[in-house]
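Listed here are the chains, written in short residue letters.
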Amino acid sequence: MNETSHHVVVVGAGFGGLEFTRALDGAPVRITMIDKRNHHLFQPLLYQVATTALATSEVAWPIRHLLRKRKDVTTLLATVSGVDRADKCVLLDDGDAIGYDTLLLATGARHAYFGHDEWENFAPGLKTLEDATTIRRRILLAFEQAERETDPAKRQALLTLAIVGGGPTGVELAGTIVELAHEMLRGEFRNIDTRQTRVVLIEAGDRILPNFAPELSDYASKALERLGVTVELGRPVTRCDAEGVVFGETHLPARTILWAAGVAASPAAEWLGAAADRAGRVLVEPDLTVPGSPEIFVVGDAAHVLRPDGRMVPGVAPAAKQQGRHVAATIKTRLAGDMNPRPFRYRHDGDLATIGKRAAAIDFGWIKLTGRLAWWLWGLAHIYFLIGFRNRLAVSLSWLWIYVTGQRSARLITQGDDDRS
């Protein structure tokens, strides 16, 4: 192996891909980073863009800027359409092909509608900046349309927001939206009372935050109800349309529906012709390689990775970063002549979810926290993982301003091609 010419191609500049590239600094390789967007997104705070707490520039940063000091890295803005495993090259949608010696696929996931993709037009999910600005637009336009609506039933439908999915994203959306309506918009309209806004969180299971300890799920449910959120459990959604949502036998008239119920992996498995689970995640080997292709690694939401106890590694940022570091270490050992497989071992650091601006639930396993202390720890953890001092300062000041004044500054309704608006 000619170490100086070893070419590593990375597809996806999310948490896994970026952490991998950083950890490979100093290795005798050249790296090509490919992403169809020009920015790295701090997805855990994306819901705050959707709910007007943060601006897009506070949760996303240009990839080229982040890697500007890495002369060994070439960044390409391009869309991948496939992988030729035989010829060892990545295929682009413009017909170009990029050869590789080692390939890392860190392509993430999108929201899934359990076979009802037609629901996406009525219930957008939250995975990208475009998703966040679409949701922000719909939420704010609902209030504007309600201000002009004279029919009481139609007005109430405009003032009803349904959130499908009781995981951390759904819980965080519900808490911050009800605060936006009940506190921050209060007194700004003349024909409606935004305190009459109804936020309904719909979860098919028997509790929200199912990955948390049961007592924390119960705390989160009660905290949401104190804020004014209606929590509906045990009834899956069976229909979404322009008039509202149906769950169980209940039809809820709601002009704004947000989807936080499921994810589907990127087309990585299709590109590779590899076995995948029901969500489309590649069934990788214990060392994160693709069966039959030890030069290809898959990490993050695109990979189906099992823990020693048989449970799947969760699709969270810390897991993707750990996987990225593991693959970088593996490549370094291979370049040094050690070709033995290195099984990945996941270290779970805990689960965190915020509930509005005054409460949170944190499950570290050995300790469980709730309330304001948990909220402050949640905030500190997220600020710590932001990139750069300027971004940490900007987000800290935005949160402090919201906490003290109750006002959010990112409430602009921008133009879009949302036909329902």
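Model, not experiment: these values are computed from the prediction.

Definitions and limits used
Residues numbered from 1 in each chain as written. Predicted model: local features only at pLDDT ≥ 70, side-chain atom pairs only at ≥ 80, totals over all residues. Heavy atoms only, no water. Patch = residues over 30% accessible without salt bridge, like charges linked within 9 Å, V, L, I, M, F, W, Y side chains within 5 Å. Areas by Shrake-Rupley, 256 points an atom, 1.4 Å probe, with all protein chains shown as cover. Salt bridge = Lys/Arg side-chain N within 4 Å of Asp/Glu carboxyl O. Helix = DSSP H or I, 4+ residues; strand = E, 2+ residues; numbered from the N terminus. Buried < 20%, exposed > 50% of the residue type's maximum accessible area, 1.4 Å probe, protein only. Phe/Tyr/Trp six-rings, centres within 6.5 Å; stacked < 30°, edge-to-face > 60°.

## Quick look at a nonpolar patch on the surface
Where nonpolar side chains cluster on the molecular surface, the patch consists of Leu373, Leu377 and Leu380 and spans about 280 Å² of accessible area. Within the element layout of this structure, Leu380 appears in helix α10 (residues 371–385). We classify Leu380 as exposed; its relative accessible area is 53%.

## What about the packing of aromatic side chains?
Across all of its chains, the model carries eight aromatic pairs by this definition. Ring geometry for Trp119 and Trp259: centres 5.8 Å apart, planes at 55°, overall tilted. Separated by 140 residues along the polypeptide, Trp119 in the loop between β10 (109–111) and α4 (129–148) and Trp259 in strand β17 (residues 256–259) bring together distant segments of the chain. Look at Trp119 and you get buried, because its relative accessible area is 4%. Under the relative-accessibility criterion, Trp259 is labelled buried at 4%. Pairwise contacts between aromatic rings join Tyr113, Phe114, Trp119 and Trp259 into one cluster.

## Focus: the environment of Asn211
Within the secondary structure, Asn211 sits in the loop between β12 (198–203) and α7 (214–227). According to the relative accessible area criterion, Asn211 is exposed, its value standing at 64%. It is 9.5 Å that separates the C-alpha atoms of Asn211 and Pro314, two residues lying 103 residues apart in sequence.

## Concerning the pattern of salt bridges
For the structure shown, the criterion picks out 18 salt bridges. The residue Arg358 makes a salt bridge to Glu183 at a minimum N-O spacing of 3.6 Å. Note that Arg358 is positioned in the loop between β23 (351–355) and β24 (359–363) and Glu183 in helix α6 (residues 168–184), a separation of 175 residues in sequence. The class of Arg358 is partly exposed, set by a relative accessible area of 33%. Taking relative accessible area as the criterion, Glu183 reaches 30% and is therefore assigned partly exposed. Salt bridges sharing partners connect three or more residues here, namely Glu179, Glu183, Lys357 and Arg358.

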